[in-house]
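# Overview (structure and organization)
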Amino acid sequence: MNQEEMIRDVRKRLFEMQDTGYRDFHARLVPTVEKEKIIGIRTPILRKFAKEFGKTERSEMFLKVLPHQYYEENNLHGLLIEQIKDYPTLIGELNRFLPCIDNWATCDLLTVRVVKKHLDTFTEEVERWLASDHTYTIRFGIGMLMRYYLEEHFSLEYPEKVAKICSKEYYVNMMRAWYFATALAKQYEAIFPFLEEKRLDAWTHNKTIQKAIESYRITQEQKAYLRTLRIK
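Below, the structure is looked at part by part. What you are looking at is a predicted structure, and each value in this text was computed from that prediction instead of being measured.

## Describing the overall build of the protein
If you tally the helices and strands in the protein, you get 14 helices and 0 strands. Its helices and strands taken in sequence order, the protein reads α-α-α-α-α-α-α-α-α-α-α-α-α-α from the N to the C terminus. At 19 Å, the protein has a C-alpha radius of gyration in line with the 17 Å of a compact globule built from 232 residues. In terms of its C-alpha atoms, the protein occupies a principal-axis envelope of roughly 60 × 40 × 30 Å. Considering the protein as a whole, with its 232 residues, one finds that 50% of them fall into the buried category. The long-range share in the protein, meaning contacts at least 24 apart out of those at least 6 apart in sequence, stands at 68%.

## Quick look at helix H13 (residues 202-214)
Across its 13 residues, H13 extends 18 Å between first and last C-alpha, which sits within 8% of the 18 Å expected from 1.5 Å per residue. Those residues of H13 lying buried are Thr-204, His-205, Lys-207, Thr-208, Ile-209, Ala-212 and Ile-213. Considering only its buried residues, H13 is in contact with helix H11 (170-186), helix H12 (188-196) and helix H14 (220-227).

## Side note on the packing of helix H6 (residues 87-97) against helix H8 (residues 119-130)
Remark: H6 packs on H8, axes separated minimally by 12 Å, with the N-to-C direction vectors making an angle of 5°. Relative to H8, H6 is oriented roughly parallel. Between H6 and H8, the contacting residues are Tyr-87, Ile-91, Leu-94 and Asn-95 on the first element and Thr-121, Phe-122, Glu-125 and Trp-129 on the second. Among the residues making up the contact of H6 with H8, the classes are represented as 5 nonpolar, 2 polar and 1 charged.

## Side note on the side chain of Glu-125
One can find Glu-125 in helix H8. Taking relative accessible area as the criterion, Glu-125 reaches 12% and is therefore assigned buried. Once residues lying within four places of it in the same chain are set aside, the contact partners of Glu-125 are Tyr-87, Ile-91 and Asn-95.

## Here's the deal with the environment of Glu-189
Of note, Glu-189 is situated in helix H12. It is 19 Å that separates the C-alpha atoms of Glu-189 and Lys-164, two residues lying 25 residues apart in sequence.

## Quick look at the packing of helix H1 (residues 3-16) against helix H3 (residues 43-53)
Remark: H1 packs on H3, axes separated minimally by 11 Å, with the N-to-C direction vectors making an angle of 150°. The angle between H1 and H3 falls in the class roughly antiparallel. Crossing geometry of H1 relative to H3 is assigned as right-handed. Touching Val-10, Arg-13 and Leu-14 of H1 are Leu-46, Phe-49, Glu-52 and Phe-53, all from H3.

## Let's talk about the nonpolar core
Among the nonpolar cores identified, the biggest contains 73 residues, and Phe-122 and Tyr-179 are the most heavily contacted of them. Core analysis: the next-biggest nonpolar cluster, separate from the first, contains 6 residues, Ala-27, Val-30, Ile-38 and Ala-105 among them.

## With respect to the side chain of Asn-74
With respect to the helices and strands, Asn-74 occurs in helix H5 (residues 71-81). We classify Asn-74 as buried; its relative accessible area is 5%. Those residues in contact with Asn-74, other than ones at most four positions away along the chain, are His-68, Phe-97, Cys-100, Asp-102 and Thr-106.

Thresholds, definitions, all that
Residues numbered from 1 in each chain as written. Predicted model: local features only at pLDDT ≥ 70, side-chain atom pairs only at ≥ 80, totals over all residues. Heavy atoms only, no water. Helix = DSSP H or I, 4+ residues; strand = E, 2+ residues; numbered from the N terminus. Rg over C-alpha atoms; globule rule 2.2 N^0.38 Å. Buried < 20%, exposed > 50% of the residue type's maximum accessible area, 1.4 Å probe, protein only. Contact = heavy atoms within 4.5 Å. Expected span 1.5 Å × (residues − 1). Axes fitted to C-alpha atoms, helices over the stretch in contact; angles between N-to-C directions. Parallel < 35°, antiparallel > 145°, perpendicular 65-115°, else oblique. Nonpolar A, V, L, I, M, F, W, Y, C, P; charged D, E, K, R; others polar. Left-handed = near helix turned anticlockwise from the far one by under 90°. Core = buried A, V, L, I, M, F, W, Y, C linked by side-chain atoms within 4.5 Å.

As structure tokens, this is what we get:
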């Protein structure tokens, strides 16, 4: 089976899993993707397919194909990357794939748990992603700091890097706010000065407070004080 035949076969399988009602609903959640490029597959179903497909030789051929035509092909690509066990190979595939991501959902789907064994050096990759000029590469980098560096591997240098990101992109700044709201829940004393000293731009500052107030992990006393820090 050549590459073209493989792609046709994968698309046939993907369309067999299509739920048009879900497509119409999900298309509204990812406005940066044209509706015609969304097949409409629920994530648990796609994950199950990816797990089976990842065991075949065709999956290696699929990973060589970029860019993809359909939203779910990108999501499948990300789910296949997650199955890579070799760390250098994983990083190489991420660096190929990240510039092709065109929406927040595909970006946030990637958890790449293998990096948990390499957190001491993984920050070097994250720093390069944070310095990117591509919206979803930056968002992915922030997401990795939020996922893996807010507990035992926390260092104040990480929120400082996120605070210094200067972007007008909604999906970057929304992730920055999500990062700081989560960081408040896990490292309140270290993170609180970023808000008290107004070290974030006004939009991200206020969105962080909003998301923190919505969190069940922030105490009522903390929420009450956070409300007084809103920038008007």
